[in-house]
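# Coordinates in review
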Amino acid sequence: MPYALCFLLFMIGLYCVVVKKNMVKIVIGILVMEYAVNLFLIMLGYRMGGVAPIVGQSELDPSTGGLLSSFLNASVDPLPQALVLTSIVISLGSLALMISVCVRVYGKYGTFDITEIRRLKG
Amino acid sequence: MRGMTVIVKTVSSWVKVLIFLYGVYIVVFGHLTPGGGFAGGVVLASSYVLLMLAFGREFVEQDLPLALDSKLDCIGAFAFAMIAILGLVFAGSFFANFLYQKYLPGEPLRLISAGTIPLSNIAIGLKVGASLFLVFFSLSICRRGKGVTFDSPAGQEQE
Amino acid sequence: MAVFYILLLFVIIAAIIAVETKNLLSAVICVGAIGFGGSLMFLFLRAPDIAITQIVVEVMGLIILIRATISRDLTFISGDREFFGTVVSVVIVFVIFLAGIHVFDTLPDFGTAVFTQVPDTASQTYIEEGLERTGAANLVAAVILDFRAYDTLGEATVLFTAIIGAMVILRGKSRKLLEDPD
């Protein structure tokens with residue numbers, strides 16, 4: 001069920017990219033798709049009643065210094081979290097790139113409308 | 001962009017220190033607590049963005065010139081690559097954690113631990129913070145609505 | 001877990017409003033609602049690293065988006081494309097949704113991590129041996145900076161390229177205007 005809702009969020013973003021003709025709206029659609037994909041990847045590694053993959057003093061065995069089995073059997077997956085961490089920062093960089101394209105196009109044509117831009121270009 | 005009212009200026013001149021310190025904390029303790037270079041770098045950049053929004057662009061330009069900012073960006077990327085190459089030199093493989101494996105094992109859950117991971121965190125934090133501030137600076141330079149009056153953000157270093 | 005579902009519905013409603021509203025500033029603010037709701041959801045999914053990063057990235061991204069839209073005189077946008085094209089697009093998106101939703105039947109139920117269903121996965125190794133092999137208590141930091149540091153190197157390269165691209169796009173022809181104060 002949460003997977004389906006996440007996919008619905010992705011589809012809202014895709015609809016926005018396909019249908020809308022305002023450039024900022026297209027950027028917003030791409031952002032929504034990024035949120036949906038990040039959320040889906042994190043959901044794949046979630047365990048019901050899990051703990052965060054960060055070792056604290058209470059997770060260490062006081063006698064041996066190893067990890068307690070309560071941590072090993074409950075920790076969520078650290079791998080998708082690491083991948084999504086880089087993905088979020090890259091999305092900020094690509095957002096800056098897309099917004100600078102939009103600002104530049106607005107400065108040249110005076111509109112965000114892509115059909116209008118196509119008409120003005122002749 | 002002459003900045004905002006005196007209330008905003010006063011409050012943000014107090015708060016910017018705390019935000020900067022929080023960013024440094026997130027970067028340095030990234031191997032022990034949630035956070036790390038990515039989040040801490042964005043916090044470091046946002047402290048300067050707050051300054052820019054409150055005081056105007058010229059004030060920040062005196063504090064952190066564009067040339068210094070792009071140098072910091074390059075230093076961060078270079079430091080991260082150098083850590084990787086030092087792993088190749090000292091431990092035989094690219095990105096090997098040579099400090100933890102050979103020289104400085106440290107104690108778990110202490111600040112001095114995990115070998116090269118805190119150093120990589122600092123390099124990544126520097127890189128992310130400097131480059132995000134750089135792109136925000138570029139976006140704030142070209143701010144006219146219409147027309148072609150886009151100034152050159154990179155022109156100062158080039159000439 | 002009910003709070004998680006409420007947050008997910010909140011995010012979907014915010015996304016629909018962000019897509020459908022005519023005012024660009026409202027759309028940008030709804031993107032902020034999606035981001036902060038998503039950050040809370042990451043906290044519920046036991047990912048505090050992602051939550052911190054998402055919340056600070058969201059603040060920066062909102063500043064950039066508002067910066068791009070607020071000073072333009074055209075914040076209200078006109079209607080969409082012609083009716084026929086919109087209907088066809090909606091139907092195609094809906095068909096993709098119906099076809100793709102069966103993919104999730106092959107996944108285990110929500111709350112059962114995928115890496116527990118397969119023996120000897122990399123994730124299990126990271127959880128079991130991450131602390132003693134890297135010394136980092138934060139296993140996410142251990143993965144991104146030690147086990148999979150190539151990924152981070154590639155990320156730094158992509159970020160560098162994106163920033164350089166943005167600066168090149170924003171650079172104007174005339175450099176004399178730089179001396180012109182405001």
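Residues numbered from 1 in each chain as written. Chains lettered and ligands numbered in written order. Predicted model: local features only at pLDDT ≥ 70, side-chain atom pairs only at ≥ 80, totals over all residues. Heavy atoms only, no water.

### Quick look at the overall build of chain C
- In terms of regular secondary structure, chain C is built from 7 helices and 0 strands.
- If you list the helices and strands of chain C from N to C, you get α-α-α-α-α-α-α.
- Residues counted as buried form 48% of the 182 residues belonging to chain C.
- Considering only residue pairs separated by 6 or more positions, chain C has 46% of its internal contacts joining residues 24 or more positions apart. (Helix = DSSP H or I, 4+ residues; strand = E, 2+ residues; numbered from the N terminus. Buried < 20%, exposed > 50% of the residue type's maximum accessible area, 1.4 Å probe, protein only. Contact = heavy atoms within 4.5 Å.)

### A closer look at the domain arrangement of chain C
- Per the domain assignment, the segments of chain C are domain 1 (1-76) and domain 2 (113-172).
- Computed from C-alpha atoms alone, the centre-to-centre distance between domain 1 of chain C and domain 2 of chain C is 24 Å. (Domains from an automatic or database assignment.)

### Concerning the pattern of salt bridges
- Within this structure, the stated rule accounts for 3 salt bridges over all chains.
- With a shortest N-O distance of 3.6 Å, K20 of chain A and E20 of chain C are connected by a salt bridge. Here K20 of chain A, found in the loop between α1 (2-19) and α2 (23-44), pairs with E20 of chain C, found in helix α1 (residues 2-20), and the two come from separate chains.
- As a salt-bridge pair, D113 of chain A and K21 of chain A come within 4.0 Å of each other at their nearest N and O atoms. With D113 of chain A in the loop between α4 (78-109) and α5 (114-121) and K21 of chain A in the loop between α1 and α2, the pair connects residues that are 92 residues apart, well separated along the chain.
- With relative accessibility at 16%, the residue K21 of chain A sits in the buried group. (Salt bridge = Lys/Arg side-chain N within 4 Å of Asp/Glu carboxyl O.)

### Focus: α1 of chain A
- Helix length check: α1 of chain A (18 residues) gives 26 Å between terminal C-alpha atoms against 26 Å at 1.5 Å per residue, within 8%.
- Most of α1 of chain A is tucked away, with 13 of its 18 residues classed as buried. (Expected span 1.5 Å × (residues − 1).)

### Quick word on empty space enclosed by the protein
- As enumerated under the stated definition, the model contains 4 cavities of 30 Å³ or more in all.
- Considered as a void within the structure, the largest cavity measures approximately 140 Å³ in volume.
- Considering the residues around the largest cavity, the lining is formed by 15 residues, among which L31, Y35 and S91 of chain A together with V57 and E58 of chain C are closest to the centre.
- Put simply, the parts of the chain that give the lining of the largest cavity at least two residues each are α2 and α4 of chain A together with α3 (48-69) of chain C.
- The element contributing the most residues to the lining of the largest cavity is α3 of chain C, with 6 residues.
- In terms of residue class, the lining of the largest cavity is made up of 9 nonpolar, 4 polar and 2 charged.
- By volume, the second largest cavity is sized at about 60 Å³.
- Lining the second largest cavity are L9, Y35 and L39 of chain A together with V11, I34, G38, M41, F42 and Q54 of chain C.
- When contributions to the lining of the second largest cavity are tallied by element, the ones reaching two or more residues are α2 of chain A together with α2 (24-44) of chain C.
- Ranked by the residues each element gives to the lining of the second largest cavity, the list is headed by α2 of chain C, at 4 residues. (1 Å grid on protein atoms, 1.4 Å probe; cavity = no way out; pocket = protein on both sides within 12 Å on 5 of 7 lines; lining within 4 Å. Points joined across faces, edges and corners; volume = space filled by probe spheres on them. Nonpolar A, V, L, I, M, F, W, Y, C, P; charged D, E, K, R; others polar.)

### Focus: the interface of chain A and chain C
- Of the residues lining the interface, 72 residues belong to chain A; the matching set on chain C comes to 88 residues.
- Approximately 7,700 Å² of surface area, both sides summed, lies buried where chain A meets chain C, with 77% of it carried by carbon and sulfur atoms.
- Inspection of the chain A/chain C interface yields 1 salt bridge.
- Applying the counting criterion to the chain A and chain C interface returns 10 residue pairs in polar contact (both at pLDDT 80 or more).
- Of all the secondary structure elements, the ones that give two or more residues to the side of chain A that touches chain C are α1, α2, α3 (69-72) and α4 of chain A. (Buried area = accessible area lost by both parts, 1.4 Å probe. Polar contact = N/O pair within 3.5 Å; in protein donor to acceptor, adjacent residues only side chain to side chain.)

### Some details on α2 of chain A
Residue and element names in this part refer to chain A.
- Here α2 spans 32 Å end to end across 22 residues, near enough to the 32 Å set by a 1.5 Å rise per residue.
- Of all the 22 residues making up α2, 17 are buried; the element is thus mostly covered by neighbouring parts of the structure.
- For α2, the capping residue at the N-terminal end is N22, with a side-chain oxygen 3.0 Å from the backbone nitrogen of V24.

### Let's talk about the nonpolar core
- I99 of chain A together with F133 of chain B are the most contacted members of the largest nonpolar core, which has 120 residues in total.
- Top element by residues in this core is α4 of chain A. It accounts for 15 residues.
- Counting only domains with at least three residues in this core, you end up with domain 1 (1-76) and domain 2 (113-172) of chain C.
- Excluding anything up to four places from it in sequence, F133 of chain B contacts A45, Y48, V49, M52, V60, L64 and D69 of chain B. (Core = buried A, V, L, I, M, F, W, Y, C linked by side-chain atoms within 4.5 Å.)

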